[in-house]
Amino acid sequence: MTYWKDSLESVTEDIKILTGKKPYIVATDAGIWQNMISYNFLCGKLKGERPILLIFGTGSGIEKKTMEKFDYILEPIYGKGYDHLSVRSTAAVIIDRILGEAWWEK
């Protein structure tokens, strides 16, 4: 389903209507935040009761005031060559880390 909304609050409300539960709002950022979580922590939350709304920012980031409203901030992508990724590339890496096969355990 693809649609446009004029605010994060309206998207959150739609998710609540569809699922009956308020989603955790998780954003991505290259900085360090007090409510920063790991990929493993987020994977654990996927198995929980509440849905997750994952927000990807742009190269200039999301306004600090807005970031402070989110439930969690996902840790940056660490690793050689990951200094300057497009939002599409960032999304691909993060979604693979969260939902992808744990190939290293095989």
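Relevant structure appears above.
Residues numbered from 1 in each chain as written. Predicted model: local features only at pLDDT ≥ 70, side-chain atom pairs only at ≥ 80, totals over all residues. Heavy atoms only, no water.

Asker: Account for the nonpolar core, naming residues and giving values.
Answerer: Grouped together as the largest cluster of nonpolar side chains are 12 residues: Tyr24, Val26, Ile37, Tyr39, Leu42, Cys43, Tyr72, Leu74, Ile77, Val93, Ile94 and Ile98. Apart from residues lying up to four places away in sequence, Ile37 is in contact with Val26, Leu42, Tyr72, Ile73, Leu74 and Glu75. In terms of nonpolar packing, the next biggest core, distinct from the first, is built from nine residues, Ile15, Trp33, Phe70 and Ile73 among them. (Core = buried A, V, L, I, M, F, W, Y, C linked by side-chain atoms within 4.5 Å. Buried < 20%, exposed > 50% of the residue type's maximum accessible area, 1.4 Å probe, protein only. Contact = heavy atoms within 4.5 Å.)

Asker: Can you tell me about helix 1 (residues 8-19), naming the residues and giving the values?
Answerer: Its 12 residues give helix 1 an end-to-end C-alpha distance of 17 Å, which sits within 8% of 16 Å, the value for a rise of 1.5 Å per residue. Of all the positions in helix 1, only Ser10, Thr12, Asp14 and Ile15 are classed as buried. Residues of helix 1 that are buried make contact with strand 1 (24-28) and strand 3 (52-55). Of the residues flanking the end of helix 1, it is Gly20, one or two places downstream, whose phi is positive at about 80 degrees. (Helix = DSSP H or I, 4+ residues; strand = E, 2+ residues; numbered from the N terminus. Expected span 1.5 Å × (residues − 1).)

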